[in-house]
Amino acid sequence: MDALLAALADPARWRLVGLLAERPRSVGVLAQLAEARQPQTTKHLQTLERAGVVTSQRTGQRRIYALRPAALRDLVAALSRLADTADRAGGPHETYERYGLNVRAERLASAESGWADGRSFRFLRSLAGRPDLVWRHLTEATLLARWWTPDDLRVAELTFEARPGGRIVQEYRDAEDADGSDLVVGRAEGVVEEVHPGERLVYRLSPLLPGGGPAFTAHVELTLRLTGAGTDLDVDFRITDSTVDAADFIAGIEIGFDQSLDKLAATLAATPDSTQRDTDTTDTTDTTDTRSTP
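Thresholds, definitions, all that
- One numbering rule holds for all chains: residues counted from 1, following each sequence as written.
- Restriction of local features to residues with pLDDT of at least 70 applies here, the model being predicted, together with a cutoff of 80 or more for giving and counting side-chain atom pairs; totals for whole chains, interfaces and linings are based on all residues.
- Note: side-chain values were computed over all heavy atoms of the structure, leaving out hydrogens and water.
- Going along the chain from the N terminus, every DSSP run of H or I of four or more residues is numbered as a helix, and every run of E of two or more is numbered as a strand.
- The reference for a compact globule is 2.2 Å times residues^0.38; the radius of gyration itself is calculated from the C-alpha atoms.
- When accessible area is computed with a 1.4 Å probe and restricted to protein chains, residues below 20% of their type maximum are described as buried, those above 50% as exposed, and intermediate ones as partly exposed.
- By definition in these notes, contact holds between two residues if any of their heavy atoms fall within 4.5 Å.
- Throughout, an axis means a line fitted to C-alpha atoms (over the contacting stretch in the case of helices), and angles, computed between N-to-C directions, take values from 0 to 180 degrees.
- Only Asp, Glu, Lys and Arg are considered charged in this grouping, and only Ala, Val, Leu, Ile, Met, Phe, Trp, Tyr, Cys and Pro are considered nonpolar; every other residue, Gly among them, is considered polar.
- As defined here, a cavity is a set of points on a 1 Å grid over the protein atoms alone where a 1.4 Å probe fits but cannot get out. A pocket is an open set with protein on both sides within 12 Å along at least five of seven lines, and residues line them when an atom is within 4 Å of a point.
- Grid points are joined across faces, edges and corners, and a volume is the space filled by probe spheres set on the points.
- Two strands make a pair as long as DSSP finds a minimum of two bridges between them.
- Expected span, for any helix, means 1.5 Å times one less than how many residues it has.
- Arc, as used here, means the arc of the directions from the helix axis to the C-beta atoms.
- Two aromatic rings from Phe, Tyr or Trp, using only the six-membered ring of Trp, form a pair when their centres are within 6.5 Å; if the ring planes differ by under 30 degrees the pair is stacked, by over 60 it is edge-to-face, and anything between is tilted.
- By the criterion applied in these results, polar contacts are pairs of N or O atoms within 3.5 Å in which, for protein atoms, one can donate a hydrogen and the other can accept it, and in which residues neighboring in sequence qualify only through two side-chain atoms.
- The crossing is said to be left-handed when, going from far helix to near helix, the turn is anticlockwise and less than a right angle, and right-handed when the turn is clockwise.

Caption draft 1: Geometry of the overall build of the protein chain. Each helix and strand in the protein chain was counted, giving 11 helices and 11 strands. The C-alpha radius of gyration computed for the protein chain amounts to 29 Å, which surpasses the reference 19 Å derived for 294 residues by more than 25%, pointing to a less compact arrangement than a globule. Projecting the C-alpha coordinates of the protein chain onto the three principal axes gives extents of approximately 90 × 50 × 35 Å. Residues counted as buried form 41% of the 294 residues belonging to the protein chain. Considering only contacts in the protein chain between residues 6 or more positions apart, those separated by 24 or more positions represent 56%.

Caption draft 2: Inspection of the packing of helix H6 (residues 92–109) against helix H10 (residues 253–270) at higher detail. Two elements in contact, H6 and H10, have axes whose closest approach is 9 Å; the angle formed by their N-to-C orientations is 145°. Within the contact between the two elements, H6 uses Thr95, Arg98, Tyr99 and Asn102 and H10 uses Glu254, Ile255 and Gln259. A breakdown of the residues in the contact of H6 with H10 according to their chemical character gives 2 nonpolar, 3 polar and 2 charged.

Caption draft 3: Geometry of the layout of surface pockets. Of the pockets and cavities examined, the largest pocket occupies roughly 1,400 Å³. Along its surface, the largest pocket is lined by 42 residues, and Pro150, Leu153, Tyr172, Gly252 and Gly256 are the ones closest to its centre. For the lining of the largest pocket, the element with the most residues is H10, which contributes 8 residues. Taken together, the residues of the lining of the largest pocket break down into 23 nonpolar, 11 polar and 8 charged.

Caption draft 4: The arrangement of the environment of leucine 222 in detail. Structurally, the position occupied by leucine 222 is in strand S9 (residues 217–226). Accessibility expressed as a relative area gives 4% for leucine 222, which makes it buried. In this structure leucine 222 touches Leu138, Glu199, Arg200, Leu201, Tyr203, Leu233, Asp234 and Val235, once residues within four positions along its chain are discounted.

Caption draft 5: Molecular detail of the sheet that holds strand S1 (residues 25–26). One open sheet accounts for 3 strands, arranged S1-S3-S2; its pairing is antiparallel. At either margin of the open sheet sits one strand with a lone partner, and together these are S1 and strand S2 (54–59). Sheet topology note: the S1/strand S3 (residues 62–67) ladder contains 2 bridges and is antiparallel. Of the residues in S3, the one forming a bridge with serine 26 is isoleucine 64.

Caption draft 6: Focus on H6. Compared with the 26 Å implied by 1.5 Å per residue over 18 residues, the 26 Å span of H6 between its first and last C-alpha is a close match. For H6, the set of buried residues is Gly100, Val103 and Glu106. One side of H6 holds all its buried residues, which, seen down the axis, span an arc of 140°. Looking at H6, the residues exposed on the side facing more than 90 degrees away from the buried face are Leu101 and Leu108. Those residues of H6 that are buried are in contact with helix H9 (247–251).

Caption draft 7: Region of the structure containing the side chain of threonine 41. Its place among the elements puts threonine 41 in helix H4 (residues 38–50). Since its relative accessible area comes to 1%, threonine 41 is described here as buried. Setting aside residues up to four positions removed in sequence, threonine 41 forms contacts with Leu16, Val27, Leu30, Ala31 and Ala36.

Caption draft 8: Broad picture of the packing of aromatic side chains. Scanning the entire structure with this criterion turns up 7 aromatic pairs. Ring geometry for tryptophan 147 and tryptophan 148: centres 6.5 Å apart, planes at 40°, overall tilted. Comparing tryptophan 147 with tryptophan 148, the two get one shared label, buried. Linked through ring pairs, Phe121, Phe123, Phe237 and Phe257 together constitute an aromatic cluster.

Caption draft 9: Up close: the environment of glutamine 170. Relative to the helices and strands, glutamine 170 resides in strand S6 (residues 167–174). In this structure glutamine 170 touches Trp148, Glu157, Leu158, Gly186, Arg187, Ala188 and Leu205, once residues within four positions along its chain are discounted. From its side chain, glutamine 170 meets the backbone oxygen of tryptophan 148 in a polar contact 2.7 Å long.

Caption draft 10: How the structure looks around the packing of helix H2 (residues 11–22) against helix H3 (residues 27–34). Following both chains from N to C, one finds H2 and H3 inclined at 115°, their axes separated by 10 Å at the closest point. The two elements H2 and H3 cross, and the hand of that crossing is right-handed. Here Arg15, Leu16, Leu19 and Leu20 of H2 come into contact with H3, specifically with Leu30, Leu33 and Ala34. Within the contact of H2 with H3, the residues separate by chemical class into 6 nonpolar, no polar and 1 charged.

Quick look at the structure:
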């Protein structure tokens with residue numbers, strides 16, 4: 001496929017392909033129609049033949065070239081597969097476009113400080129596992145690191161001290177930034193305010209701007225309720241102290257938090273039994289400072 005793409009990338013060769021699509025032609029005729037020298041045309045045709053785009057045969061003293069339609073159809077099929085992958089419903093490209101629309105809308109709204117104060121979001125999830133198990137995934141850094149980032153990101157540094165006044169630090173990078181050489185995607189710092197194990201967790205968290213100042217403050221309240229099937233998690237997310245530069249962060253709240261909670265639900269659904277057994281030997285208010293290294 002690489003040879004095919006390289007062969008077709010040259011405008012002169014692409015012109016020859018167009019002429020051969022009409023009918024097989026000799027080198028001399030192709031050179032005339034393309035308004036090129038015959039030796040140069042011959043080299044282009046040889047390149048196309050090596051790439052499998054054309055075929056040739058000698059007839060008397062002339063060499064006749066013809067197009068191989070199958071090669072172009074293979075290319076079309078490969079390009080269609082790429083387009084279908086990028087265009088699949090609910091995929092990363094759809095999320096990218098949605099985020100772009102949100103960013104433009106929020107930037108128009110962010111005229112002065114406090115512009116987003118009072119904005120709130122609510123998230124609901126029905127999760128597998130009892131409240132004490134879900135609580136561990138909400139408060140233990142080693143378990144938080146499995147889900148507390150949107151898709152395509154990974155935790156690089158995470159501290160969550162599950163006690164009133166406890167410190168929160170969250171830093172994340174691109175999931176494919178294996179060696180940590182790319183820029184940090186985001187960092188947030190905050191404080192735990194209320195802790196009622198298995199029932200209610202309240203904290204505030206501020207994403208940091210590139211200069212280190214807070215973009216806004218998020219006040220997050222998580223409520224857990226035991227159900228027959230597991231645990232209902234209710235999340236209230238409220239904004240204060242919004243700065244003009246917070247628009248890009250706020251534009252991604254709904255998308256990002258939804259993705260994170262979907263990952264939490266998938267994590268609990270995949271291994272509820274094995275994680276539940278660990279609950280018997282682990283204090284539910286245990287805190288951990290974990291740093292991911294490439």
